[in-house]
Amino acid sequence: MGSNEVWKHSMMVCAPITTQQSASVEQIVNDMHQAKAEGADIVEVRLDHITNFNPLRDLKIILQNKPLPVLIVNRTKWEGDESMRLEALQLAVELGADFIDVELKEASCLPTLVEVEHKRNHNSHGKIIVSCYVDGITPPQEELFQLIEQMQATGADIIKLVTHAADITEIIRIFSLFPYCQVPLIAYSDGERGLISQVLSPKFGGFFVYGSLAGNQIPGLPSLDSFQEAYKLEHINADTKVFGLISKPVSHSKGPILHNPSFRHVNYNGIYVPMFVDDLKEFFSTYPGPEFTGFSVGFPYKEEVLRFCDEVHPVAQSIGAVNTIIRRPRDGKLVGYNTDCEAAITAIEDALIEHGCNDGGASLGSPLAGRLFVLVGAGGAGKALAFGAKSRGARLVIFDIDFDRAKSLACALFGEAQPFKELGNFQPEKGAILANATPVGMHPNTDRIPVAEATLGDYRLVFDVVYTPRRTRLMKEADAVGAITVGGVEMFLRQAIGQFNLFSSLKAPEEFMREIVLSKF
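Residues numbered from 1 in each chain as written. Predicted model: local features only at pLDDT ≥ 70, side-chain atom pairs only at ≥ 80, totals over all residues. Heavy atoms only, no water.

A.B. asks: Outline the pattern of salt bridges, supporting the account with residue identities and numerical values.
C.D. replies: One pass over the structure, following the stated rule, counts 30 salt bridges. For Asp 98, the salt bridge goes to Lys 66, with nearest N and O atoms at 2.6 Å. Remark: Lys 66 occurs in the loop between helix H2 (55–64) and strand E3 (70–73) and Asp 98 occurs in the loop between helix H3 (82–94) and strand E4 (99–103); sequence separation between them is 32 residues. Overall, Lys 66 belongs to the partly exposed group, its relative accessible area being 27%. One salt bridge connects Glu 429 with Arg 395, and the closest N-O pair in it is separated by 2.6 Å. With Glu 429 in the loop between strand E17 (416–419) and strand E18 (432–436) and Arg 395 in strand E16 (residues 395–400), the pair connects residues that are 34 residues apart, well separated along the chain. Residue Arg 395 is classed as partly exposed on the basis of its relative accessible area, which comes to 37%. (Salt bridge = Lys/Arg side-chain N within 4 Å of Asp/Glu carboxyl O. Helix = DSSP H or I, 4+ residues; strand = E, 2+ residues; numbered from the N terminus. Buried < 20%, exposed > 50% of the residue type's maximum accessible area, 1.4 Å probe, protein only.)

A.B. asks: Account for the nonpolar core, naming residues and giving values.
C.D. replies: Ranked by size, the top nonpolar core spans 105 residues in total, and within it Ile 72, Leu 161, Phe 208, Met 275 and Phe 284 carry the most contacts. It is H3 that contributes the most residues to this core, six residues altogether. Not counting residues within four places of it along the chain, the set of residues in contact with Ile 72 comprises Val 45, Leu 47, Leu 59, Leu 89, Ala 92, Ala 97, Phe 99, Ile 100 and Asp 101. In terms of nonpolar packing, the next biggest core, distinct from the first, is built from 33 residues, Ala 344, Ile 398, Ile 433 and Val 465 among them. (Core = buried A, V, L, I, M, F, W, Y, C linked by side-chain atoms within 4.5 Å. Contact = heavy atoms within 4.5 Å.)

A.B. asks: Tell me what's going on with the pairing of strand E7 (residues 185–190), and back it up with residues and numbers.
C.D. replies: Counting buried positions over the six residues of E7 gives five, a clear majority of the element. Pairing of strand E6 (residues 158–164) with E7, which is carried by six bridges, proceeds in the parallel orientation. Its bridge partner being in E7, Ile 159 is matched across the sheet by Leu 185. (Pairing = 2+ DSSP bridges.)

Written out as structure tokens, the structure reads:
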């Protein structure tokens, strides 16, 4: 089979292009060219997904028109077609396929494939991948090592292990395999919780990773575009520090396309990834190492995460919510911060000042002083907004679907709580501020609005913490009645600048980050 040259490569991205059960050869050729245009280095073709598959005809078309190296896969669909499957793989080798994927359970066919490879009339460069797909939860570490040993014993050029992550804590077992492999290893977990196993593969020594075509998003696979714009695998190495968004869900996050280019802009060796976390206690006990350097904290964990911090900054402690955690280098302790508060409040203040609305704040220096601040949502983001508004002298009225939570926050800040069911009938005083700190209106449920449209005209400014979409329905409706609007994108940018400073101990490239937000969000 291959030689040690299989080790000598830059990290490559493979695009699976036959993810549907019925693909035409013409579509495969088109998709191969699309994959190349989107930055893929390899394409994976499933022969068993080709409509009316004719081995000789279809493989010739695919391999004679390939713009990129091709990985051929042919999974057994039913008992009795093993010989036909093997014949198709043999033909793929003869016609010049670059990689052939053979499942471990069928590895007995390897000597035949190798013989075919050696008989080719030109210099052989095709590589044999032996793969194993594990159903159910990820097995214990010892069982994974046994699978690795079995695959290596086949004499394959490359081995591949795929699991399905029921929890992000299972991924650490995948990362631990790479140092012990004697041949190149492709290993990852599929599903949304497994996404970090793709993006962080270069750090731990993976052979290549998978990325999905535009318009064909696959859970757990970053898009090819994100590898080009956000992750830039060539910049990731063993010394790269890992930062991530702890949230549930995480697919909406724009953090990677802001933080990663910003890290590179200042030559900081860091990578920022979405982390779909189900259990905070299990997560922090599984990833205690110094390479996991810091975290953003999103919905629904901004309050709960306080008890997992060794220390909490006084502002975050007063708010009762943390959105940023740093693993302190000197002792490994987790320190919690809140950059949401100042980000949201300064965004609101600056908008009011820009529109000449500073009449109420002469004594305290804030245009929020003395104004009624109507807050919808008393969770982590709501607490930050409430604390910030109160610190500027605003008067608080708080609504939350959990009335006890609203009352608790109102009591702590000498505000007023009202039942959520009254929000539709609530009539604010003229010049009030409305702040939505709930996920209402967030993609994909973009047609929702948290308050009665008829009341929007009474607010001087409307703020929405949601930033996907950039212009929510709430903001559009508020614009239509003449209110000043501030979107979650502005808050997101400002809190990200604060996080960047904490993550890297460097000054954030603020103008560069703002340019990204304006062009990409």
